[in-house]
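The chain contents come next:
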Amino acid sequence: MGDLPGLVVTGASGRMGQTLIRLVQDSDKLRLVACVERAGSPWIGRDVGEAMGGPALGIVVTDDPLEAFARAQAVVDFTTPAATVEFAALAAQARAVHVIGTTGLEAEHLAKIEAASRHAVIVRAGNMSLGVNLLVRLTQKIAAALDDDWDVEIVEAHHRMKVDAPSGTALMLGAAAAAGRGVSLDDSMVSGRDGITGARERGTIGFSAIRGGDVVGEHDVIFASAGERVVLRHLATDRGIFAKGALRAAVWGQGRKPGHYDMMDVLGI
């Protein structure tokens, strides 16, 4: 086990953090070396296994990411944009592979992540699942095959606690549709229609977000024309699919040249 790449899980107390911790315990490709939480978290100073309600794992949760990253070869990060930017700089300093599943990143965050990727491997995706990344590829291909007589709408649903909309996955799908059409998503995106909006503008890409209950993640890409529709759908019922993809990315990144990669690179699609 000591020869396996060491992994740090950030946001250890979160749902995704705990899922990652459980999965890496059963991994034969990675070993858990540290868990990081925000300063002031009640998990700080506790054994992470006991904090999760199970047996001790011999790993005490820390709020010192620099010390944790220095002992690791990979960091998996599903936290917040501000925290992810900080972690990107520290992971690059440690030359650790940084796998980013954080959503809600804006241009200023992405610029700092891009700068960090000049020194270390960063794998970033709005969604880490194999099925979603196949859906992204199909969306681009179909968008490229259809003209502006086909309207594109993206509908996504998530649990009530999700704080950003549209989801990172929905934005991935929108970017894929825009790329297929050879246009900019920023110029063609329409989100959250309300009131008297007028007729749908030709060539736009629409987004709708649903929030409720414990929905893990559902995404539909609708291509609609007069008399027919093509609907691509992905339903996630277990967030373990995202964690598995992230761990796969952490393994894939070992020994790679510094750069900013995505799950398409990891999956070879």
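Here, the structure is the one placed above.
Residues numbered from 1 in each chain as written. Predicted model: local features only at pLDDT ≥ 70, side-chain atom pairs only at ≥ 80, totals over all residues. Heavy atoms only, no water.

J.: For this particular structure, what's the right way to read the pairing of strand S2 (residues 31–36)?
T.: Within a regular strand, the side chains alternate between the two sheet faces. Taking burial as the measure, the six residues of S2 include five buried ones, the bulk of the element. Here strand S1 (residues 6–10) pairs with S2 via five bridges, running parallel. Bridge pairing in S2 links Val 9 to Cys 35. Handedness of the crossover joining S1 and S2 through helix H1 (residues 15–25) is recorded here as right-handed. (Buried < 20%, exposed > 50% of the residue type's maximum accessible area, 1.4 Å probe, protein only. Helix = DSSP H or I, 4+ residues; strand = E, 2+ residues; numbered from the N terminus. Pairing = 2+ DSSP bridges. Right-handed = clockwise from strand over helix to strand, strands pointing away.)

J.: Even after reading the chapter, I still don't get the packing of aromatic side chains, so can you show me in this structure?
T.: Any pair of aromatic rings gets described here by the distance separating the centres and the angle formed by the planes. In this structure the tally under the stated criterion is two aromatic pairs. Between Phe 69 and Phe 87 the ring centres are 5.7 Å apart and the planes differ by 65°, which places this aromatic pair in the edge-to-face class. In this pair, Phe 69 is assigned in helix H3 (residues 65–70) and Phe 87 in helix H4 (residues 81–94), connecting sequence segments 18 residues apart. Take Phe 69: its relative accessible area is 0%, and that puts it in the buried class. Under the relative-accessibility criterion, Phe 87 is labelled buried at 8%. (Phe/Tyr/Trp six-rings, centres within 6.5 Å; stacked < 30°, edge-to-face > 60°.)

J.: What exactly am I supposed to notice about helix H7 (residues 168–181) here?
T.: An α-helical segment advances 3.6 residues per turn. Residues three or four places apart therefore align on the same side. Relative to the 20 Å expected for 14 residues at 1.5 Å per residue, H7 spans 20 Å between its end C-alpha atoms, a close match to the ideal helical length. The buried fraction of H7 is high, at eleven of 14 residues. When we look at burial in H7, the residues that qualify are Gly 168, Thr 169, Ala 170, Met 172, Leu 173, Gly 174, Ala 176, Ala 177, Ala 178, Gly 180 and Arg 181. Those residues of H7 that are buried lie in contact with helix H6 (130–145), strand S6 (151–158), helix H8 (185–188), strand S8 (205–211) and strand S9 (217–225). (Expected span 1.5 Å × (residues − 1). Contact = heavy atoms within 4.5 Å.)

So, to be careful, I would describe these as geometric facts and stop short of saying anything about function.
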